[in-house]
Amino acid sequence: MLTLLLVWSQGAARTADASTPHGAPAPATDSRGPGVALGLDFVDAGRSYVSLLWEAASHGATAVSLVVELRQTDVHAAALIPGPDGPITARSGDLRRAIRDAHALGLETMLLPIIQLDARSEGDWRGVLAPATPEAWWASYGAALLWIAELAEEEGVSMLSIGSELASMEDDIAAWAGLVGRIRGVYGGRLTYSSNWDRFAQTPLWGLVDAVGVSAYFEVGRGVAPGALTASHVMRQWSQHARDIVGVARGWGVPAVVTELGFPNGETAGAAPWDYQRPAGPAPMLQAMLLGAAMSVLARHPEIERVYVWNWFGDGGVVDRGYSPRQKPAGVVLRRASTDSPERGQ
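Residues numbered from 1 in each chain as written. Predicted model: local features only at pLDDT ≥ 70, side-chain atom pairs only at ≥ 80, totals over all residues. Heavy atoms only, no water.

1. Regarding the overall build of the chain
Part 1 of the argument: Secondary structure summary: the chain contains seven helices and 10 strands in total.
Part 2 of the argument: For the chain, with 346 residues in total, the buried portion stands at 56%.
Part 3 of the argument: On the chain, roughly 13300 Å² of surface is accessible, and the fraction owed to carbon and sulfur atoms is 53%. (Helix = DSSP H or I, 4+ residues; strand = E, 2+ residues; numbered from the N terminus. Buried < 20%, exposed > 50% of the residue type's maximum accessible area, 1.4 Å probe, protein only. Areas by Shrake-Rupley, 256 points an atom, 1.4 Å probe, with all protein chains shown as cover.)

2. Structural notes on the confidence of the model for the chain
Part 1 of the argument: Summing up the model confidence of the chain, the mean pLDDT is 86 and the portion of residues at 70 or higher is 85%.
Part 2 of the argument: Below a pLDDT of 50 lies the segment residues 341-346, which in the model reaches 19 contacts outside its immediate sequence neighbourhood of four places, other chains included. (pLDDT = per-residue confidence, 0-100. Contact = heavy atoms within 4.5 Å.)

3. Topic: the layout of surface pockets
Part 1 of the argument: Estimated volume of the largest pocket: approximately 1100 Å³.
Part 2 of the argument: Put simply, the parts of the chain that give the lining of the largest pocket at least two residues each are β4 (63-72) and β5 (108-117).
Part 3 of the argument: Counting residues per element, the lining of the largest pocket draws most heavily on β5, at four residues.
Part 4 of the argument: When grouped by side-chain class, the residues that make up the lining of the largest pocket number 13 nonpolar, 10 polar and 11 charged. (1 Å grid on protein atoms, 1.4 Å probe; cavity = no way out; pocket = protein on both sides within 12 Å on 5 of 7 lines; lining within 4 Å. Points joined across faces, edges and corners; volume = space filled by probe spheres on them. Nonpolar A, V, L, I, M, F, W, Y, C, P; charged D, E, K, R; others polar.)

4. Looking at the nonpolar core
Part 1 of the argument: Residues Leu111, Tyr141, Ile183, Trp238 and Leu261 are the most contacted members of the largest nonpolar core, which totals 98 residues.
Part 2 of the argument: If you tally residues by element for this core, the top one is helix α3 (residues 134-154), at 10 residues. (Core = buried A, V, L, I, M, F, W, Y, C linked by side-chain atoms within 4.5 Å.)

5. Considerations on the pattern of salt bridges
Part 1 of the argument: Taken as a whole, this structure holds 17 salt bridges when the rule is applied.
Part 2 of the argument: Arg326 serves as the salt-bridge partner of Glu55, at 2.6 Å between the closest nitrogen and oxygen. Here the residue Glu55 occupies a position in helix α1 (residues 50-58), and Arg326 occupies one in the loop between β10 (304-310) and α7 (329-340), the gap between them amounting to 271 residues.
Part 3 of the argument: Residue Arg326 is classed as buried on the basis of its relative accessible area, which comes to 14%.
Part 4 of the argument: For Arg190, the salt bridge identified is with Glu305, shortest N-O distance 2.7 Å. With Arg190 in strand β7 (residues 190-196) and Glu305 in strand β10, the pair connects residues that are 115 residues apart, well separated along the chain.
Part 5 of the argument: Here Arg190 falls in the partly exposed class, since its relative accessible area comes to 30%. (Salt bridge = Lys/Arg side-chain N within 4 Å of Asp/Glu carboxyl O.)

6. Some remarks on the packing of helix α2 (residues 92-104) against α3
Part 1 of the argument: Two elements in contact, α2 and α3, have axes whose closest approach is 11 Å; the angle formed by their N-to-C orientations is 40°. As α2 packs across α3, the resulting crossing turns out to be right-handed. Residues Ser92, Leu95, Arg96 and Ile99 of α2 form the contact with α3, whose own contacting residues are Trp147, Leu151 and Glu154.
Part 2 of the argument: In terms of residue class, the contact of α2 with α3 is made up of four nonpolar, one polar and two charged. (Axes fitted to C-alpha atoms, helices over the stretch in contact; angles between N-to-C directions. Left-handed = near helix turned anticlockwise from the far one by under 90°.)

7. Regarding helix α5 (residues 231-252)
Part 1 of the argument: Look at α5: 31 Å from first C-alpha to last across 22 residues, which is about the 32 Å you get at 1.5 Å a residue.
Part 2 of the argument: Those residues of α5 that sit buried are His233, Val234, Trp238, Ser239, His241, Ala242, Ile245, Val246, Val248 and Ala249.
Part 3 of the argument: Packing partners of the buried residues in α5 comprise β8 (211-215), β9 (256-261), α6 (284-298) and β10.
Part 4 of the argument: Gly253 sits one or two positions beyond α5 and adopts a positive phi of about 70°. (Expected span 1.5 Å × (residues − 1).)

8. Section: α1
Part 1 of the argument: The complete set of buried residues in α1 reads Leu52, Leu53 and Ala56. With its buried residues spanning 100° around the axis, α1 presents them on a single face. (Arc of directions from axis to C-beta.)

9. Observations concerning the pairing of β5
Part 1 of the argument: Burial analysis of β5 places nine of its 10 residues in the buried class, the great majority of the element.
Part 2 of the argument: With 10 bridges connecting them, β4 and β5 associate as parallel partners. If you follow Leu70 over to β5, its bridge partner there is Ile115.
Part 3 of the argument: Tracing the backbone out of β4, into α2 and back to the parallel element β5 gives a crossover that is right-handed.
Part 4 of the argument: Strand direction decides the pairing type here: β5 and strand β6 (residues 159-164), joined by two bridges, are parallel. Bridge assignment links Leu111 to a residue of β6, and that residue is Leu160.
Part 5 of the argument: Assessed by its sense of winding, the connection that carries the chain from β5 through α3 to β6 is right-handed. (Pairing = 2+ DSSP bridges. Right-handed = clockwise from strand over helix to strand, strands pointing away.)

Here is the structure:
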């Protein structure tokens, strides 16, 4: 699986140029505004995602984060499950085509590997991995990341995340340092790591990467009834979270990247934005308000150089309970963000 994200970014994006080689970046242009990511979530192989990329670019997208799925059987597995022609669940040709289509549309690219579990007990997710044989797991994970890094280098991908929300594995600094060293030997782009929203201040990996990454599902509406949740309250909450992110980034002398920012279309989106499966009726205007308030605050901080909005893939529509802003008021928020171009740091 490869998931399509929207990204707001301060950095330079690539402009479309049909003559640009597949692996070479296109010329840079202004990149503020929402962006698009391509997700290879279709079941059949060889599906083109160029229409989704084009649609997101038409909303003002300037960059795309391609979320590359890795799978393992459960939290105790000692190895990843191989994909059809590599370690990822998507076919390598589909991933390469997505990157090339993104570059042709002028979109800067990032790859974000995420581990999914085939079998889960209550409370199980990638944040609590406990491999039965840690050495074997690191060998398998390392081989997968090197495969991804080599492909990213060949295709001119600007940034690579070395992992996502792997809280229980983060303290093995020696393993991470060895992996990062091998990645840097084959990949010349920038590296980040996507730390969970409740963990990023304690994550010990920032000295190994080029940007602090935060999966930012902060519970900005916790304790407030959905009907009583206001934009001013949400912005106050985000102002503190943004300061916390910037503080960590400054402490390590690197910029920050919000690797995921998303709200499901549901009445509990403010209280638990990380949980799109909670029983609740659709609330598209609440989703739009939450997204707009967050993006407005984050845009004021130049240290936060990118914000990736989760996520573009899916049918969309006002009754769709998922995160996608497609055909929802949240899509209008993204389109406006691309035209408002707020001055950052004010």
